[in-house]
Amino acid sequence: MASIGSSGASLPQNGLPSVSTEGASSKEKKGVKVDKIENIHGSTAGASSSSFHIFRKHRRTEMFRLAEMDREHETKLLNEALANKRKQNEVEANRKTNKNAEKRRRKKMKKRQLMMESKRKKKEENNNREKLKQKSASEAKGETES
């Protein structure tokens, strides 16, 4: 017995719909839904010339429905592939951006360190000059006193 959907309706091998209420809650038992079978002329294609047109119309409708389902499935797959590709590209771009930002940050820190070191050296040189001036001034005073 093949089950159709979650409504509890099923088609046995003889093709007639039956209703099953197994596993249904008390609310579902009150209003059991039976699936409608649309293509009732499927097996009557060669029965007579009057039913052939009806069969052909149902067949065309079914073929269009299946083609539409295929198109929707292909579109869905393409959209998923595109979304995955976009996500990968975004991750890659973020990785590159972070790498370059880190590079810029290191370069900036190195520049700051060099500037701080040059300032420190200039300050030391100025201090040394001042000490030499004071030393030479004190020596000059010592020579004049003696």
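Source: prediction; values computed, not measured. (Residues numbered from 1 in each chain as written. Predicted model: local features only at pLDDT ≥ 70, side-chain atom pairs only at ≥ 80, totals over all residues. Heavy atoms only, no water.)

### Some words on the overall build of the protein
Alright, step 1. A count of helices and strands for the protein gives two helices and three strands.
Alright, step 2. Along the protein, helices and strands appear, N-terminal first, in the series β-β-β-α-α.
Alright, step 3. Looking at the 146 residues of the protein, the share that counts as buried comes to 3%.
Alright, step 4. Summarising the internal contacts of the protein: among those between residues at least 6 apart in sequence, 19% fall at separations of at least 24. (Helix = DSSP H or I, 4+ residues; strand = E, 2+ residues; numbered from the N terminus. Buried < 20%, exposed > 50% of the residue type's maximum accessible area, 1.4 Å probe, protein only. Contact = heavy atoms within 4.5 Å.)

### Looking at a nonpolar patch on the surface
Alright, step 1. A contiguous nonpolar surface patch, about 260 Å² in accessible area, is contributed by M63, L66 and M69.
Alright, step 2. Taking relative accessible area as the criterion, M63 reaches 44% and is therefore assigned partly exposed. (Patch = residues over 30% accessible without salt bridge, like charges linked within 9 Å, V, L, I, M, F, W, Y side chains within 5 Å. Areas by Shrake-Rupley, 256 points an atom, 1.4 Å probe, with all protein chains shown as cover. Salt bridge = Lys/Arg side-chain N within 4 Å of Asp/Glu carboxyl O.)

### Details of the confidence of the model for the protein
Alright, step 1. Predicted confidence across the protein gives a mean pLDDT of 79, with 66% of residues reaching 70 or more.
Alright, step 2. Within the protein, strand 1 (residues 2-3) has the poorest average pLDDT of any element, 44, and helix 2 (residues 49-145) the best, 91.
Alright, step 3. Low pLDDT (under 50) marks residues 1-10, which in the prediction has 23 contacts with non-local residues, meaning those over four places away or in another chain. (pLDDT = per-residue confidence, 0-100.)

### Quick notes on the pattern of salt bridges
Alright, step 1. Within the structure shown, the criterion is met by seven salt bridges.
Alright, step 2. For E62, the salt bridge is made with R65, and the minimal N-O distance between the two is 2.7 Å. Taken together, the positions of E62 and R65, both in helix 2 and three residues apart, correspond to about one turn of that helix.
Alright, step 3. Accessibility expressed as a relative area gives 31% for E62, which makes it partly exposed.
Alright, step 4. One salt bridge in this structure joins E102 and R105, with 2.4 Å as the shortest N-O distance. Of the two residues, E102 and R105 both sit in helix 2, three residues apart, roughly one turn of that helix.

### A look at a positive patch on the surface
Alright, step 1. Positive charge collects at one region of the surface, where K96, K99, K103, R106, K107 and K111 lie side by side.
Alright, step 2. Checked against the element boundaries, K111 lands in helix 2. (Lys, Arg positive; Asp, Glu negative; His and termini not counted. Charge placed at Lys NZ, Arg CZ, Asp CG, Glu CD.)

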